Amino acid sequence: MSNSSAGRETWATRIGFILAAVGSAVGLGNIWRFPFQVSQEGGAAFVVMYLAFVVLIGFPAMMVEFVVGRKTGLNAVGGIREFAGGRWKYLGGLFVFIGFVILSYYSVVGGWILRYVLGSATGGYMAQGTGEYFGQISVGMDALLAHAVFMLLVVAIVALGVKRGIEIAVKIMVPAIIAIFAVLAVYAFTLSGAGEAYSYYLSPDFGYLIDNWQSIVPAAAGQGFFTLSLGMGVMITYASYLSEDENLAIDGGTVVIFNTGISILTGLIVFPILFTAGVDPETSGAGAIFVSVAEALGDLQFGRLIGVLFFTTVAIAALSSAISLIEVVVSYVIDEFGIARERATVFIGTAIFLLGVPVTIDNVMVDLYDIFAAQILLVLGGILLVTAVAWIYADKAIDELGKGVTSFSGLDQVWLWIVRVPVLVVLVVSLYLGVDGFVDFLQGDFAEFLNSL
């Protein structure tokens, strides 16, 4: 790979890169966060806005990150610094910080999932009561220990490197996620509540969308960036291991299609289960996939087996995304400071674990970290990167995007102006609304939490 630093690792195969990028995108953003956001933002009304955002905003924005990563062959900080000049290195630093913050609470949620895999196998949450079980394992020492176990798994995989660790892991994980979820979606189709669930999930109320666009737009923007792993340097880092003969648009389109398909598939599983058990998804909150789905599984035939399959798949997806998040920080430390991968991964994993400790105190801390990272920092990072790549250094971007492509037929200019205007405008509006929503959260739920201490 001519762009990369001498001796730097690369993907062994193209499919390895695609599966790694898909594995990054397909994770808790799809399986935990997506049903939660659908439940909180009006069902199908949110789904419509999310799909529009992914296609019209997310895909063009992904190409921006791919261009920077492959052009420079460097991590998020070094790549942006080389592509746009030294003063832009702070944007790369922001990306590293975002990945750091997201993984800190993501790992805590990953620990919850590990406990639910165990609880499904033993029938623990069914016997104890799902609400009580979630309350027990989501905070305190139980949550702290599970958080530690999850981070250890992530560190162990990433310490092995790109080819021996990440690439091998995702080649197993991603096909497993797709296969198991396809089987579960067929099963969910046979449930008695499937019809009502599909109506809620797939038939949008456009009146609701118009009346509530101020909350739906930033939620969809944050979800789109979160679930596509944008605005945190992941796609810059992964694309930095690519060769120049790869078609970035085809690779990016493949990632978007797989990712979006998994999100939609998740809803086709989760909502029929909830409606069959008579659980209102709009009252489920951040613990929807845990409390509500687990409660519903307790009332279904073969519920324990379905629970093991479902939560094991969620755990695999969580690991695949966590791998990409920590790789952003690890690659930065390796490239910039010359520290060995094993040592860098252990040090960073420990620091991320410590930042996640406050999240084990109360579930409101998950919301605090998540809203701040997904609806503010991710979108802010996207705005700054789009400004640098599409407005200031557009010639470099067009040149890099054209490598590996036989003919653009003017599509490069279409992409450029989509990124320059619609993408940037939507991101700016989303950031404004996201900040406004974060202030409301601080004055509401978070203030109530602080007063209860």
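Source: prediction; values computed, not measured. (Residues numbered from 1 in each chain as written. Predicted model: local features only at pLDDT ≥ 70, side-chain atom pairs only at ≥ 80, totals over all residues. Heavy atoms only, no water.)

## Comments concerning the packing of helix α8 (residues 140-159) against helix α17 (residues 341-356)
Close contact between α8 and α17 brings their axes to 9 Å; oriented N to C, the two are set at 160°. When the axes of α8 and α17 are compared, the pair comes out roughly antiparallel. By crossing handedness, the relation of α8 to α17 is classed as right-handed. Of α17, the residues touching α8 (which contributes L144, H147, A148, M151, V155, V158 and A159) are R341, E342, T345, V346, G349, I352, F353 and G356. Residue composition of the contact of α8 with α17, grouped by class: 9 nonpolar, 4 polar and 2 charged. (Axes fitted to C-alpha atoms, helices over the stretch in contact; angles between N-to-C directions. Helix = DSSP H or I, 4+ residues; strand = E, 2+ residues; numbered from the N terminus. Parallel < 35°, antiparallel > 145°, perpendicular 65-115°, else oblique. Left-handed = near helix turned anticlockwise from the far one by under 90°. Contact = heavy atoms within 4.5 Å. Nonpolar A, V, L, I, M, F, W, Y, C, P; charged D, E, K, R; others polar.)

## A short note on the nonpolar core
I102, F310 and I326 are the most contacted members of the largest nonpolar core, which has 149 residues in total. In terms of residue count, helix α18 (residues 364-392) provides more of this core than any other element does, 18 residues in total. Once you skip the residues sitting within four places of it in the chain, I102 turns out to touch F226, M232, L325, A373 and L378. (Core = buried A, V, L, I, M, F, W, Y, C linked by side-chain atoms within 4.5 Å. Buried < 20%, exposed > 50% of the residue type's maximum accessible area, 1.4 Å probe, protein only.)

## What to know about helix α14 (residues 248-276)
With 29 residues, α14 ought to run about 42 Å at 1.5 Å a step, and its terminal C-alpha atoms sit 42 Å apart, in line with that. Its side-chain oxygen placed 3.1 Å from the backbone nitrogen of A249, N247 serves as the N-cap of α14. Positioned one or two residues after α14, G278 has a phi angle of 75°, which is positive. (Expected span 1.5 Å × (residues − 1). Polar contact = N/O pair within 3.5 Å; in protein donor to acceptor, adjacent residues only side chain to side chain.)

## Points about the layout of surface pockets
Put simply, the largest pocket is a space of about 490 Å³. If you trace the largest pocket, you find 21 residues lining it, with E41, S215, I371, Q375 and G437 closest to the centre. Those elements giving two or more residues to the lining of the largest pocket turn out to be α2 (28-40), α12 (213-227), α18 and α20 (411-452). Of all the elements, α20 adds the most residues to the lining of the largest pocket, at 7 residues. Residues belonging to the lining of the largest pocket are distributed by class as follows: 8 nonpolar, 7 polar and 6 charged. (1 Å grid on protein atoms, 1.4 Å probe; cavity = no way out; pocket = protein on both sides within 12 Å on 5 of 7 lines; lining within 4 Å. Points joined across faces, edges and corners; volume = space filled by probe spheres on them.)

## Section: the confidence of the model for the protein chain
Of the residues in the protein chain, 88% have a pLDDT of 70 or more, and the chain-wide mean is 84. α17 holds the highest mean pLDDT among the elements of the protein chain, 94, whereas helix α6 (residues 124-128) holds the lowest, 67. Of the regions scoring below 50 in pLDDT, residues 1-6 engages in 17 contacts with residues more than four places distant in sequence or in other chains. (pLDDT = per-residue confidence, 0-100.)

## As for the packing of α2 against helix α3 (residues 44-72)
Close contact between α2 and α3 brings their axes to 7 Å; oriented N to C, the two are set at 125°. The orientation of α2 relative to α3 falls into the category oblique. The hand of the α2/α3 crossing is right-handed. Contacts between α2 and α3 involve F34, Q37 and V38 from the former and F46, V47 and Y50 from the latter.

## A look at a nonpolar patch on the surface
A grouping of W213, W391, I392, W417, V421, V425 and V429 is seen on the molecular surface, where their side chains present a nonpolar patch of about 640 Å² in accessible area. Secondary-structure elements contributing two or more residues to the nonpolar patch are α18 and α20. Examining the composition of the nonpolar patch, we find that 4 residues originate from one element, α20, more than from any other. The topology assignment puts V421 in helix α20. (Patch = residues over 30% accessible without salt bridge, like charges linked within 9 Å, V, L, I, M, F, W, Y side chains within 5 Å. Areas by Shrake-Rupley, 256 points an atom, 1.4 Å probe, with all protein chains shown as cover. Salt bridge = Lys/Arg side-chain N within 4 Å of Asp/Glu carboxyl O.)

## Some remarks on the side chain of S120
Summarising the element assignment, S120 is placed in helix α5 (residues 89-122). For S120, a relative accessible area of 0% puts it in the buried group. In this view, S120 contacts Y125, R304, G307, V308 and F311; residues no more than four positions away in its chain are not counted.

## Some points on the packing of aromatic side chains
Under the counting rule described, the total for this entry stands at 20 aromatic pairs. Consider the rings of F181 and F310, whose centres lie 5.8 Å apart with planes at 10°: the pair is stacked. Within this pair, whereas F181 is found in helix α9 (residues 162-189), its partner F310 is found in helix α16 (residues 303-337), the two being separated by 129 residues in sequence. The pair F181 / F310 is uniform in exposure class, with both members buried. Three or more aromatic residues joined by ring pairs form one cluster here, namely F34, F46, Y50, Y200, Y201, F271 and F275. Directly above the aromatic system of W391 lies the positively charged group of R420, at a separation of 4.6 Å from the ring centroid. Geometry around W417 places R420 over its ring, the cationic atom sitting 4.5 Å from the centre. (Phe/Tyr/Trp six-rings, centres within 6.5 Å; stacked < 30°, edge-to-face > 60°. Lys NZ or Arg CZ within 6 Å of the ring centre and 35° of its normal.)

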